[in-house]
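Close look at the chain arrangement
If you want the building blocks of each chain, they are given just below.
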Amino acid sequence: MQKNLFIRIFNFYRYGFRNMSSWGKQVWIVILVKLFIMFAILKLFFFPDLLKKNFNTDAQRSDYVLEQLTK
Amino acid sequence: MLENIDLSLVNWSRGQFALTAIYHWFFVPLTLGLSFIVAFMETIYVKTGDPVWKKITHFWMTLFGINFAIGVATGIILEFEFGTNWSQYSWFVGDIFGAPLAVEGIMAFFMESTFIAVMFFGWNKVSKRFHLLSTWLVALGANLSALWILVANGWMQSPLGMQFNPETARNEMANFWEVLFSPTAVNKFLHTISSGFVLGSIFVIGIAAWFLLKKRDILFAKRSILVGAVFGLLASIYLVFTGDSSTREIVHSQPMKFASLEGLYHGQEGAGLVAIGVMSTTGSDPENENIKDFALRIEFPNLLSYMAYGNWNAFVPGVVDLVNGNPEQGIMSAREKMRRGRIVIEDLRALKEAKKRSDITTYETLKARFYDDEYKDQYFSYFGYGYLDDEMRLIPNVPLTFYSFHVMVLLGFYFVLFFVLTLIFLYRNTIEHRRWFLKVALFTIPLPYIASQAGWLVAEVGRQPWVIQDLMPTMAAVSNIDASAVQVTFWLFAAVFTALAIAEVKIMTRQIKLGPKEEGGH
């Protein structure tokens, strides 16, 4: 029964994507291109989380921010 | 304090955040409003079984889908910017920002992957009632997603329900309910979603008016206008009330923003409400070039005092009172606030030094201060003022705040009138013959977008120099990175978002021109 439900859900999505209208296909292309630009280009190369990247522990991050706030 | 901060870095970082937020807000309000309109239309279809209502629902659901799909995830870019450009701010806000955003993320994920799919793929796959339920859940989910973002923003405008931990330099959630139900957050949420409802309604009426102008799909267009006008009128009246309560709330939590949006430089008893005003472009105060006041104004006498305090003769503080202080009215000067803020920064510095030299006694004594209610009230609540070197920095861009506010308010009243006229012409069954009104309806579509963006300008420009009201000025929140890197990403974002906006308009225009059509399923 459980397996059946998953297969039904899978088929629901498969049928939906296969029979998508032309505007649906267009917006999916836009979504995929957008997500690629956002996560594979912008996030990776331009938007690192500075505190995560530069420090290993929360204690170090706290010390850094405290230093910045009190200098 | 912060003498070495690069102002061009601060300005570019602000500009980048503003650009991305403005573009993001190009998509969001239509999602908020159209989702409910589609739900109303589908409810009528399920109740009546009339296939015309099904055709109507399909058409507007398609436009909703295009807008949703192109707008989805554009807000994540703002979160990227928090980590890179505003890392100090991100750390300082701690879990107060993290918790609502996490709830929003989880909620959006489940809503988008399940109920949106049922909405679009499920027409002939699930029962009528389950499909309708999914449409309603998408509408509720989209609006609840907005709640969490606005709670986070509301906290920045009026921080409460938190405890600052001087050990970690982070604010910790002390009372979740106080954060969630803060008057600022509640007002902001209600005002924002009702503005989305108005925008969605005008969008529907404007597009349907185009069909009437083209003499196409008359029944579809008139029924669409009916739903849009009824929902829009109720939402626009509610919008006026939420706008009023939002502004009354600002009087107490952000008096400088209130003085700026009213262009009130000099406080007065029985202050008048400026209906229309032109601000002077040259200095009108010889001692301070920032104070320009009005070249021309038309005002309702005493009304501002009444609206702010419920008393026709109450004193409303102006920009100058808030900077110089006004002992008679019990208003502390900015200099005194700056002095208190510096004491907190000194305490924080001493605490940091005590930790370094392992002086436990001093460390514990200083730490305890940050948990003492009197210290929090008398000193920590002015923490951010300690970073300011000149009290004039407390004055936001008054003309921009004033004009944005007044454009928003005037358009808000215009929308009420617009919906009333739409309903009158519909009731008299003359709307399709009033071509001038149909043209007005079509050209009204951009106006709620303008009003909505103006509202955000009031909220965000009007609260400068603060990124967190009274606690953290914008210049202390910015990461120490290269300004040129921010410029590069600014233009990258401008290009990406412009491309998305063009894609949205193109795909949507094509679907509108195709018009409503018969679809299979129940």
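Higher on the page you've got the structure.
Scope of this entry: the structure provided in the associated data block. (Residues numbered from 1 in each chain as written. Chains lettered and ligands numbered in written order. Predicted model: local features only at pLDDT ≥ 70, side-chain atom pairs only at ≥ 80, totals over all residues.)

Some words on the overall build of chain B
Regarding its fold elements, chain B presents 20 helices and eight strands. Along the first, second and third principal axes, the C-alpha atoms of chain B reach 75 × 55 × 40 Å. In chain B, which comprises 522 residues, the proportion classed as buried is 46%. Long-range contacts, defined as pairs at least 24 residues apart, comprise 77% of the intrachain contacts of chain B with a sequence gap of at least 6. (Helix = DSSP H or I, 4+ residues; strand = E, 2+ residues; numbered from the N terminus. Buried ≥ 20, exposed ≤ 12 C-beta atoms within 10 Å, placed from the backbone. Contact = placed C-beta atoms within 7 Å.)

Some remarks on the overall build of chain A
Scanning chain A for helices and strands turns up four helices and zero strands. Its helices and strands taken in sequence order, chain A reads α-α-α-α from the N to the C terminus. The dimensions of chain A, computed from C-alpha atoms along their principal axes, are 60 × 35 × 15 Å. When the 71 residues of chain A are sorted by exposure, 14% land in the buried category.

Some remarks on the interface of chain B and chain A
At the interface, 35 residues of chain B touch 28 residues of chain A. Those elements giving two or more residues to the side of chain B that touches chain A turn out to be α2 (51-71), α3 (76-84), α4 (87-93), α5 (95-121), α13 (334-356) and α20 (483-514) of chain B. Considering each element in turn, the side of chain B that touches chain A owes the most residues, six residues, to α20 of chain B. Of the residues contributing to the side of chain B that touches chain A, the split by class is 21 nonpolar, ten polar and four charged. (Nonpolar A, V, L, I, M, F, W, Y, C, P; charged D, E, K, R; others polar.)

Some remarks on unusual backbone geometry
All names here are of chain B. With an omega dihedral of 15°, the bond running from Q464 to P465 counts as a cis peptide bond. Tracing the sequence through the fold places P465 in the loop between α18 (446-461) and β7 (466-468). A positive phi angle is found at K215, which is not glycine, with a value near 55°. Along the chain, K215 falls in the loop between α8 (183-213) and α9 (218-253). Its identity as a non-glycine residue notwithstanding, S358 has a phi of 60°, on the positive side. Inspection of the secondary structure assignment puts S358 in the loop between α13 and α14 (360-369).

Focus: the packing of helix α6 (residues 128-157) of chain B against α8 of chain B
Residue and element names in this part refer to chain B. Taken N-terminus to C-terminus, the directions of α6 and α8 make an angle of 135°; their axes are 8 Å apart at the nearest point. As far as their axial angle goes, α8 and α6 are oblique. Considering only the axes of α6 and α8, their crossing is right-handed. Facing α6, whose interface residues are N143, A146, L147, L150, V151, N153, G154, W155 and Q157, α8 presents T184, A185, K188, F189, T192 and I193. The residue inventory of the contact of α6 with α8, partitioned by class, reads eight nonpolar, six polar and one charged. (Axes fitted to C-alpha atoms, helices over the stretch in contact; angles between N-to-C directions. Parallel < 35°, antiparallel > 145°, perpendicular 65-115°, else oblique. Left-handed = near helix turned anticlockwise from the far one by under 90°.)

With respect to the environment of T43 of chain B
Here T43 of chain B is to be found in helix α1 (residues 7-48). In the structure, T43 of chain B is positioned 85 residues away from K128 of chain B in sequence and 9.8 Å away in space, judged by C-alpha atoms.

Some remarks on the pairing of strand β5 (residues 294-300) of chain B
Within a regular strand, the side chains alternate between the two sheet faces. All names here are of chain B. Little of β5 is tucked away, with zero of its seven residues classed as buried. Of the pairings in the sheet, the one linking strand β4 (residues 273-279) to β5 comprises six bridges and is antiparallel in character. The partner of G277 across the bridge, within β5, is R297. (Pairing = 2+ DSSP bridges.)

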